[in-house]
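Spelled out from the first residue to the last, the chains are:
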Amino acid sequence: MSDNTFTLTGFSSVAIHGNESKHPNYAHVTPIYATSTFTFDTAQQGMERFEGKQEGYIYSRWGNPTFTDAEKVIAAMEAFRITHPDGSPLQLKALLHASGQAAMTTMFMANLKAGDKILSHYSLYGGTHELMLKVFPEAGIETIIADLGNISIVEEIIVNNPGIKLVHIETPANPTLDCVDIEAVANIAKKHGLIVTVDNTFATPYLQQPFKYNVDFVFHSTTKFLNGHGTAIGGVLIGRDADVMNGKITKWQRLLGGNSNPFDAFLLLQGLKTLEIRMDRHCSNTMAVAKYLKGHAAVSKVNYTGLPSHPDYEVVQKQMKQPGALLSFELKGGIEAAKQFIDNLKMCVRAVSLGTADTLLCHPATMTHYGVPKEEREKFGITDGLIRMSVGIEGITDILNDLEQALANS
Ligand SMILES: *Cc1c(COP(=O)(O)O)cnc(C)c1O
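A. Spatial organisation of the packing of aromatic side chains. Applying the stated criterion across every chain yields a total of 8 aromatic pairs. Considering the side-chain rings of F329 and F341, the 5.7 Å spacing of their centres and the 85° angle between planes classify their relative orientation as edge-to-face. Placement of the pair is F329 in strand β9 (residues 326-331) and F341 in helix α13 (residues 334-344), with a sequence separation of 12 residues. Accessibility expressed as a relative area gives 0% for F341, which makes it buried.

Below you can see the structure in the form of structure tokens.
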């Protein structure tokens, strides 16, 4: 609970005190409001809440105090130290969802109708890619995939495809950590009146704030770094236009029904408090792992945006505070070496997903991209020997020792 006469200047201060809610009984930590519905003292009060004349909760698919506290903190993190040209602070509105996919669905469905097109890029998260290329076409919404890293072609594509209504950016993206220059793409898109959306899951608001640029909506899979402990699936959609967020977006969210739940929102609130210190540790560990792997004889390539050898190093220097906690690397021994290496791990965990306190490794060719034909995945750098790593916050010596013994025996 913060006093609004006191300005919070640190990211973690906002993460810890960024909601102003006061709870009955003076609970120090936001309680888990495990209730489907809320009571009215009188019929008049019920009517006023429905009319929006009186603030208050009605039904948890529409809103719940545990969700509200998490939403306020995430909105404050995304807006941290961003000001309008007149110096006033940026105000954002966040809506918690059941998953990253649910947040994304609200965002796209509320903004698009049959006949509209999305412009996006290669290497999107698998669920996003399938939604855009396999599900939305059934609703009459098509997606054009292009190399948005090549800024010179973006305007031409927009001009040649008048159906494009929205440009969707995911940066950094899976598993080769390709990045897109948010500012450059957003400026072109806005010149043509398009909606710009960003998946900020890999970066988190601590490392990257897309609202510094001309973007309309940002979403996260909170399942990853924001929760940070791998204890819940969740998502959040954040927007800059309060009327749009409170109007159209809220309506779609409530009626599509992808709401969060109080226990997951509570877990998320605990994770948010330590985001800054976790990310600092995640990033320093990842840099150490990248440098170690780069010098290893069994490794032919390391994809990490913190290494000057990564093609998007400059973009990352410009738009991210630090290069993040995901990397991938290729083993010279191909598929057999990759499987053996994964089997050899003693401390690091064999699992998909990312952003947990522990280090997670997966083999995209046999796991996340198993369904993608070999020739197609190789075009995006997903070779047989590629390993993806979400570097955790364990002691760096233990992470390096585990990699060392797993590589020696593969
Ligand atoms: C995990 C993830 C999603 C989907 O989120 P869920 O919480 O699994 O629904 C979307 N985008 C990115 C980048 C992700 O990592």
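B. Region of interest: the side chain of H121. Positionally, H121 belongs in strand β2 (residues 117-121). According to the relative accessible area criterion, H121 is buried, its value standing at 5%. Excluding residues that lie within four positions of it along the chain, H121 makes contacts with I145, A146, L148, H168, I169, E170, A173 and V180.

C. Up close: the site of the ligand. Around the ligand, 14 residues are found, and the nearest of them are Q101, D199, S221, T223 and K224. One of the backbone nitrogen or oxygen atoms of G100 is found 2.9 Å away from an oxygen atom of the ligand. The contact in question runs from an oxygen atom of the ligand to an N or O atom on the side chain of K224, over 2.7 Å. Within the complex, the protein chains bury 94% of what would otherwise be the 380 Å² of accessible surface of the ligand. The biggest single contributor to the shell around the ligand is helix α4 (residues 100-111), with 3 residues. In the shell around the ligand, the residues fall into 4 nonpolar, 7 polar and 3 charged.

D. Looking closely at helix α15 (residues 396-408). In a regular helix each residue adds 1.5 Å, so 13 residues correspond to 18 Å; α15 covers 18 Å between its end C-alpha atoms and thus fits that length. Taken together, the buried positions of α15 are I399, D402, L403, A406 and L407. One side of α15 carries all its buried residues, which in axial view fall inside an arc of 125°. Seen from the buried face of α15, the exposed residues on the opposite side, beyond 90 degrees, are T397 and A408. On its buried side, α15 packs onto α11 (275-294), β8 (299-303), β9, α13, β11 (360-362) and β12 (386-390).

E. The layout of surface pockets, seen in detail. Its volume calculated, the second largest pocket comes out at about 690 Å³. Lining the second largest pocket are 28 residues; nearest its centre among them are L124, G126, H129, H369 and V372. Contributions of two or more residues to the lining of the second largest pocket are made by α5 (126-135) and α14 (374-379). Ranked by the residues each element gives to the lining of the second largest pocket, the list is headed by α5, at 6 residues. When the residues that make up the lining of the second largest pocket are grouped by side-chain class, the tally is 12 nonpolar, 10 polar and 6 charged. When residues of the lining of the second largest pocket are assigned to domains, at least three map to each of domain 1 (11-31 + 63-272) and domain 2 (279-408).

So, how was this worked out
Residues numbered from 1 in each chain as written. Predicted model: local features only at pLDDT ≥ 70, side-chain atom pairs only at ≥ 80, totals over all residues. Heavy atoms only, no water. Phe/Tyr/Trp six-rings, centres within 6.5 Å; stacked < 30°, edge-to-face > 60°. Helix = DSSP H or I, 4+ residues; strand = E, 2+ residues; numbered from the N terminus. Buried < 20%, exposed > 50% of the residue type's maximum accessible area, 1.4 Å probe, protein only. Contact = heavy atoms within 4.5 Å. Near = heavy atom within 4 Å. Polar contact = N/O pair within 3.5 Å; in protein donor to acceptor, adjacent residues only side chain to side chain. Areas by Shrake-Rupley, 256 points an atom, 1.4 Å probe, with all protein chains shown as cover. Nonpolar A, V, L, I, M, F, W, Y, C, P; charged D, E, K, R; others polar. Expected span 1.5 Å × (residues − 1). Arc of directions from axis to C-beta. 1 Å grid on protein atoms, 1.4 Å probe; cavity = no way out; pocket = protein on both sides within 12 Å on 5 of 7 lines; lining within 4 Å. Points joined across faces, edges and corners; volume = space filled by probe spheres on them. Domains from an automatic or database assignment.

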